[in-house]
Amino acid sequence: MDEQLPTLRSEYAARSLVEADLPADPMDLFRDWFVDARELTEPNAMVVATVSADGQPSSRIVLLKGLDQQGFHFFTNQRSRKGEELAANPRCALLFPWHGLRRQVRVEGVATPLSRAEIDAYFHQRPRGAQLGALASPQSQPVTLEELNQRFADADAAYPEEVPVPDGWGGYAVRPHAIEFWQGGVNRLHDRFRYTLTEAGTWAVERLAP
Ligand SMILES: Cc1cc2nc3c(=O)[nH]c(=O)nc-3n(C[C@H](O)[C@H](O)[C@H](O)COP(=O)(O)O)c2cc1C
Ligand SMILES: Cc1ncc(COP(=O)(O)O)c(C=O)c1O
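Just so you know, these numbers come straight off a predicted model, no measurement behind them.

Caption draft 1: Representation of the overall build of the chain. Within the chain, the secondary structure is distributed over five helices and nine strands. For the chain, the sequential pattern of α-helices and β-strands runs α-β-β-β-β-α-β-β-α-α-α-β-β-β. Over its C-alpha atoms, taken along the principal directions, the chain stretches across nearly 60 × 50 × 40 Å. Taken across its 210 residues, the chain has 37% of its residues classed as buried. Looking at the chain as shown, the accessible area adds up to about 12200 Å², and 51% of this sits on carbon and sulfur atoms.

Caption draft 2: Representation of the environment of Pro97 within the structure. Along the chain, Pro97 turns up in strand 5 (residues 91-98). Here Pro97 is in contact with Ala45 and Arg103, once residues within four sequence places are set aside.

Caption draft 3: Spatial organisation of the pairing of strand 8 (residues 191-197). Sheet topology note: the strand 7 (residues 169-183)/strand 8 ladder contains six bridges and is antiparallel. Pairing of Ile179 across the sheet is with Tyr195, part of strand 8. Of the pairings in the sheet, the one linking strand 8 to strand 9 (residues 203-207) comprises five bridges and is antiparallel in character. Pairing of Leu197 across the sheet is with Trp203, part of strand 9. A loop of five residues connects strand 8 with strand 9, the two strands running antiparallel in sequence, and Gly201 in this loop sits at a positive phi of about 90 degrees.

Caption draft 4: Up close: the packing of aromatic side chains. Summed over the entire model, instances satisfying the criterion amount to 15 aromatic pairs. On the basis of an interplanar angle of 45 degrees and a centroid distance of 6.0 Å, the ring pair of Phe72 and Phe96 is categorised as tilted. Placement of Phe72 in strand 4 (residues 71-77) and of Phe96 in strand 5 is noted, with a sequence separation of 24 residues between them. Neither residue differs from the other here; Phe72 and Phe96 are each classed as buried. Taking the centre distance of 5.3 Å and the plane angle of 45 degrees together, the rings of Phe96 and Trp98 count as tilted. Classification of Phe96 by relative accessible area gives buried; the value is 0%. By way of ring pairs, the aromatic residues Phe30, Phe34, Phe72, Phe96 and Trp98 are connected into one cluster. Over the ring of Trp33 we find Arg103, and its NZ or CZ is 4.0 Å from the ring centre.

Caption draft 5: Structural view of the side chain of Glu85. With respect to the secondary-structure elements, Glu85 resides in helix 2 (residues 81-88). Overall, Glu85 belongs to the buried group, its relative accessible area being 9%.

Caption draft 6: Region of the structure containing the site of ligand 1. By nearness alone, every residue bordering ligand 1 is listed as Glu42, Arg60, Ile61, Val62, Leu63, Phe75, Thr76, Ser80, Arg81, Lys82, Gln139 and Ser140. One nitrogen or oxygen atom from the side chain of Arg60 is found 2.7 Å from an oxygen atom belonging to ligand 1. Thr76 is positioned such that a nitrogen or oxygen atom in its side chain is 2.6 Å from an oxygen atom of ligand 1. Out of a free accessible area of 620 Å², ligand 1 has 64% covered by protein chains.

Caption draft 7: Region of the structure containing the nonpolar core. In terms of nonpolar packing, the biggest core is built from 30 residues, with Phe30, Phe72, Trp98, Val105 and Phe181 touching the most fellow members. Of all the secondary-structure elements, those providing two or more residues to this core are helix 1 (26-37), strand 1 (45-51), strand 4, strand 5, strand 6 (103-113), strand 7 and strand 8. Top contributing element to this core by residue count: helix 1, with six residues. Those residues in contact with Val105 that lie beyond four places of it in its chain are Phe30, Trp33, Leu94, Leu95, Phe96, Trp98, Ile179, Glu180 and Phe181. Counting residues in each nonpolar core, the second largest holds 12 residues, with Tyr122, Ala155, Val165 and Trp169 among its members.

About the cut-offs
Within every chain, residues take consecutive numbers counted from 1 along the sequence as written. Each chain gets a letter, beginning with A, and each ligand a number, beginning with 1, in the order they are written. At least 70 in pLDDT is required for a residue's local features to be given in this predicted model, at least 80 for side-chain atom pairs to be given and counted, and no such filter applies to totals for whole chains, interfaces and linings, which use all residues. Calculated side-chain values reflect all of the structure's heavy atoms, with hydrogen atoms and water omitted. Helical segments are the DSSP runs of H or I of at least four residues, strand segments are the runs of E of at least two, and each set is numbered from the N terminus. A 1.4 Å probe rolled over the protein chains alone gives each residue an accessible area, and that area as a share of the maximum for its type sets the label: buried under 20%, exposed over 50%, partly exposed in between. Accessible surface area values rest on a Shrake-Rupley calculation with a 1.4 Å probe, where residue burial reflects the displayed protein chains alone. Note on definitions: a residue-residue contact is assigned when non-hydrogen atoms from the two residues lie within 4.5 Å. Strand pairing requires that DSSP identify at least two bridges connecting the strands. Aromatic contacts are taken between Phe, Tyr and Trp rings whose centres are within 6.5 Å, Trp giving its six-membered ring; a plane angle under 30 degrees counts as stacked, one over 60 as edge-to-face, and the others as tilted. Working rule: Lys NZ or Arg CZ, within 6 Å of ring centre, within 35 degrees of ring normal, means a charge sits over the ring. Whether a residue is near a molecule or strand depends on its heavy atoms: if one lies within 4 Å, it is near. Think of a polar contact as two N or O atoms within 3.5 Å of one another; within protein, one of them needs to be a possible hydrogen donor and the other a possible acceptor, and neighboring residues in sequence only count if both atoms come from side chains. Take the buried residues of types Ala, Val, Leu, Ile, Met, Phe, Trp, Tyr and Cys, join any two whose side-chain atoms come within 4.5 Å, and each joined set is a nonpolar core.

So this is what it looks like as structure tokens:
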């Protein structure tokens, strides 16, 4: 297995990204690419990277659940590792790893908590099992399987009808200030275009070497 790793490779060629076709607003391109990504498994799965107070980066997958002027929305437990890190340092990065399309999108930005109304609205549209799971799970804390199952059963019994939004459960909007679109090309000469938000509020775009 280990000996095969150096030979594991794919060649990329299918499409190219042309400067003349780039929209002024990168969110327009993101939306177009997201339509293409719908053919993939969990196209809204994105990696969120945060940084601890002592400078240690960490990353994990979350699901993109909204997109608007505030940026990229996701939901999580605000007392989780990512939640604690974002409270201390809201700068973060997102990554959409769309391998099946030979594409990735990299976002750098700042996370702000979503409003109570947005959090409540999303929580109440989740399936009951996911709501109970969120209530039962002290996310990122050490736990035993017995404790977790007991907490789920207790929550299920305590709330036979509507499940309340757990304390500390919330969501964030990541407002981007840089977005890079990467399209795989032949000979590893991929197309990379990086949009950067200017002080005037417009986006500057440049091609980066692959
Ligand atoms: C496909 C996938 C989707 C996930 N979506 C979420 C999500 O939307 N919100 C969330 O809190 N955790 C989600 N998770 C779990 C996280 O990856 C992570 O384990 C959890 O949030 C705890 O991370 P932390 O300890 O770094 O805060 C998802 C995991 C996978 C593999
Ligand atoms: C811990 C956790 N929270 C939230 C989610 C997102 O789930 P939903 O689509 O129900 O919001 C996931 C998805 O895998 C998850 O694992």
